[in-house]
Amino acid sequence: MRIQIRAHFALPIALLFMPFLIQAKDSKPSGDLKTEIKEYIFHHLEDAYDFSLFSYTKDNGDHKYIGMPLPVILWDNGLQIFSSSKLQHGEGVAQVGSNFYKLDHGKIFKTNALGVINLDAGKQVTNEAPLDFSVTKGVFSMLLIAFLMFFLFNRLAKSYLKNGGVPTGIGRFFEPIIIYLRDEIAKPNIGERKYRSYMSFLLTVFFFIWFLNMLGLTPLGVNVTGNIAVTFGLAITTFIITNLTGTKDYWLHIFDPLGGSMKWYSKIFLYIILIPIEILGIFIKPFSLLIRLYANMQAGHIVIMSLIGLMFIFKSWIGSSLSFGLTFAIAIIELLVAFLQAYIFTMLSALYFGFAAQEHESH
Amino acid sequence: MEKLISEFSLGLFFWQTLIFVGLIFLLKKYAWKPILSAVNEREASIKDALEAAKEARSEMESLQSDNQRILKEARAQKEALLKEARTIRSEMINTAKVEAQSEANKILSQAQEAIQNEKRTAVNELKDHVSSIALDIATKVLQNELESKDKQMQLVSKLLQNSDMK
Amino acid sequence: MEIPVIVGAGLAVIGVGIGIGRIGGSAMEAIGRQPDAYGKIQTAMLIAAALVEGFGFAALFAV
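What counts and how
Residues numbered from 1 in each chain as written. Chains lettered and ligands numbered in written order. Predicted model: local features only at pLDDT ≥ 70, side-chain atom pairs only at ≥ 80, totals over all residues. Heavy atoms only, no water. Salt bridge = Lys/Arg side-chain N within 4 Å of Asp/Glu carboxyl O. Buried < 20%, exposed > 50% of the residue type's maximum accessible area, 1.4 Å probe, protein only. Patch = residues over 30% accessible without salt bridge, like charges linked within 9 Å, V, L, I, M, F, W, Y side chains within 5 Å. Areas by Shrake-Rupley, 256 points an atom, 1.4 Å probe, with all protein chains shown as cover. Lys, Arg positive; Asp, Glu negative; His and termini not counted. Charge placed at Lys NZ, Arg CZ, Asp CG, Glu CD. Helix = DSSP H or I, 4+ residues; strand = E, 2+ residues; numbered from the N terminus. Pairing = 2+ DSSP bridges. Axes fitted to C-alpha atoms, helices over the stretch in contact; angles between N-to-C directions. Parallel < 35°, antiparallel > 145°, perpendicular 65-115°, else oblique. Left-handed = near helix turned anticlockwise from the far one by under 90°. Contact = heavy atoms within 4.5 Å. Nonpolar A, V, L, I, M, F, W, Y, C, P; charged D, E, K, R; others polar. Phe/Tyr/Trp six-rings, centres within 6.5 Å; stacked < 30°, edge-to-face > 60°. Domains from an automatic or database assignment. Buried area = accessible area lost by both parts, 1.4 Å probe.

Residues and elements named next belong to chain A. Considering all chains together, one arrives at eight salt bridges over all chains under this definition. Note that Asp183 is salt-bridged to Arg182, the shortest N-O span being 2.9 Å. Classification of Arg182 as buried rests on a relative accessible area of 2%. For Glu192, the salt bridge goes to Lys187, with nearest N and O atoms at 3.7 Å. Its relative accessible area of 53% is what places Glu192 among the exposed residues.

Okay, here's the thing in structure tokens:
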């Protein structure tokens, strides 16, 4: 690993992590502690309509949420915009104009004035779900990271002009990473001649994923890159760029992988099997990208939170200190994984671009 | 798999794509292009500087070798000059010697000639002197001899006797 | 007797674990043999591991 995150950087993060997660929250108190923790973890992994820092239950059973509401944007025969505080964390019905909406298991459904959720035999909600373009916790985090990145790298770009080609401040930390991405990822995989046009994407995707992963390790603990829609969006961008910039050789490689090494009549039987596999490969590549990132980040969050949850299950100093030690160790590993996943996503994207940009070299 | 599909949120996907693609284009314009061009520029300038240094070094080396060569040439030239001077000197000495010799010879021969001439004139003068003296003496002798008639007669008779009148 | 799907997923994960372990081990050996080629070996290792990992995820999400 070229970039090493120092341990003393990880320690405060790991420590800050805990108090917020200890505030175990459950909107429907059901069953024992284990199910409660499990529900809490899965609730955390999902996207949310408000940016809650933590929540707690009062002695009288009321739930108190500390955080800020975010705008909910729905398309339901016209644009409906309202604050997520109206949803009352699924405990009430939001009235917007003449429509009523209710939050059920992290999704907004259209209901009647009483907020009745109808379930079918398979326990699936039969209520109408409006098209949802809400600025959720994940969207908010992405916007935050986008602004941060823009601020950071725009300043780095400007510092070159001021300082005669030498970066200052935090730019000294990021510039080697940028150069590393160019020299170790883009150039060897795409090739000296064509790498330039892919650099913007590779740099953006690397820092975007890395920063979002790191944001997930802060006490805010937003699980953005561990969300299938986000990784799908990232992977589909790679997919589109790969296939839009694909050269003649790239397509020839897919539809005529054997080339002139065989006569057409002997190739045709092989191709009945080979071509579908190659075509499938086009889709499997970005699919593996999206699943890898999603599963790694999801798994990281689950592991850390489960270990923290162990503290409440053991309820003894041995178990709690053991759980603390384990959480600490895993949190440090997660810092590495945060970087590694961003690196692998960028690396494999570059590799796929390299396939697409290839020009008659090797098969 | 069903869980994944049910988890998929279209809204989040929409926003993600929007933010991400927007970010790519924004950063491309305001960050990556200036950063990469600055880095490239710096690298190029470093490369140029290194090359210039290398060039300067090789130039210096060639200069040094030039110096060496020039020094060597100068030394050789000096050597040659010295040698030439030496030969010229010895030549000069030689010619001077030869000239002096010939001059001396000439002077000697002139002197000898002059001596010879003087000698000749001296001998001639001496001859003249001697002859005049001899003539004087002879005259005096003759005068003495022919003072008396007898003696004259005697002589004539003697001469006549010797001449044999026939 | 019906075998639960999760057993199959577990088997797949075992396979993937062995595979990634072997990739990592071979990479370490290679680095030991040629420490200079560290960067290249690491890159190749990550790519191979990522590709194997993909199968593990495919198995897990098939559950």
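Here the narrative resumes, following the displayed structure.
All names here are of chain B. On the surface, Asp48, Glu51, Glu55 and Glu59 cluster together into a patch of negative charge. For Glu51, the position within the fold is in helix α2 (residues 10-145). Of the residues examined, Glu51 reaches a relative accessible area of 49% and is grouped as partly exposed.

Residues and elements named next belong to chain A. Taken in spatial order, the three strands line up as β5-β6-β7 in an open sheet, and their pairing is antiparallel. The sheet is open, and its two edges are formed by β5 (93-96) and β7 (107-111), each paired on a single side. Averaged over all pairs of adjacent strands, the angle between their axes in this sheet comes to 35°, without regard to strand direction. Sheet topology note: the β5/strand β6 (residues 99-104) ladder contains four bridges and is antiparallel.

Packed helix pairs are characterised by how far apart their axes lie and by the angle those axes make with each other. All names here are of chain A. In contact at an axis separation of 11 Å, helix α5 (residues 196-217) and helix α8 (residues 264-314) are set at 15° when each is read in the N-to-C sense. Between α5 and α8, the angle is such that the two are roughly parallel. Handedness of the crossing formed by α5 with α8: right-handed. When α5 is examined against α8, the residues Ile209, Asn213, Gly216 and Leu217 are found in contact with a partner set consisting of Leu293, Met297, His301 and Ile304. Counted by class, the contact of α5 with α8 contains five nonpolar, three polar and no charged residues.

Another point: the sheet that holds strand β3 (residues 71-75) of chain A. Residues and elements named next belong to chain A. Read from one edge to the other, the open sheet built from three strands follows the order β4-β3-β8, with strand pairing classed as antiparallel. The open sheet is flanked by β4 (79-83) and β8 (131-132), the only strands paired with a single partner. Two strands pair when backbone bridges link them, and β3 and β8 are joined in this way by two bridges, in the antiparallel orientation. What sits directly across from Trp75, in β8, is Leu131.

This part covers the packing of aromatic side chains. With the rule as written, the count across this model stands at 34 aromatic pairs over all chains. Members of the aromatic cluster, each reached through a chain of ring pairs, are Phe153, Phe173, Phe174, Tyr180, Phe206, Phe207, Trp210, Phe211, Phe339 and Tyr343 of chain A together with Trp32 of chain B.

Attention now moves to the domain arrangement of chain A. Segmentation of chain A into domains returns domain 1 (71-134) and domain 2 (138-357). Once you take the C-alpha centre of each, domain 1 of chain A and domain 2 of chain A turn out to be 34 Å apart.

On the chain A side, the residues contacting the 33 residues of chain B number 50 residues. At the boundary of chain B with chain A, total buried surface from both sides reaches about 3500 Å², with 76% on carbon and sulfur atoms. For the chain B face of the interface with chain A, the top three residues by lost area are Leu12, Phe20 and Trp32 of chain B, together amounting to 19%. Remark: the boundary between chain B and chain A carries two salt bridges.

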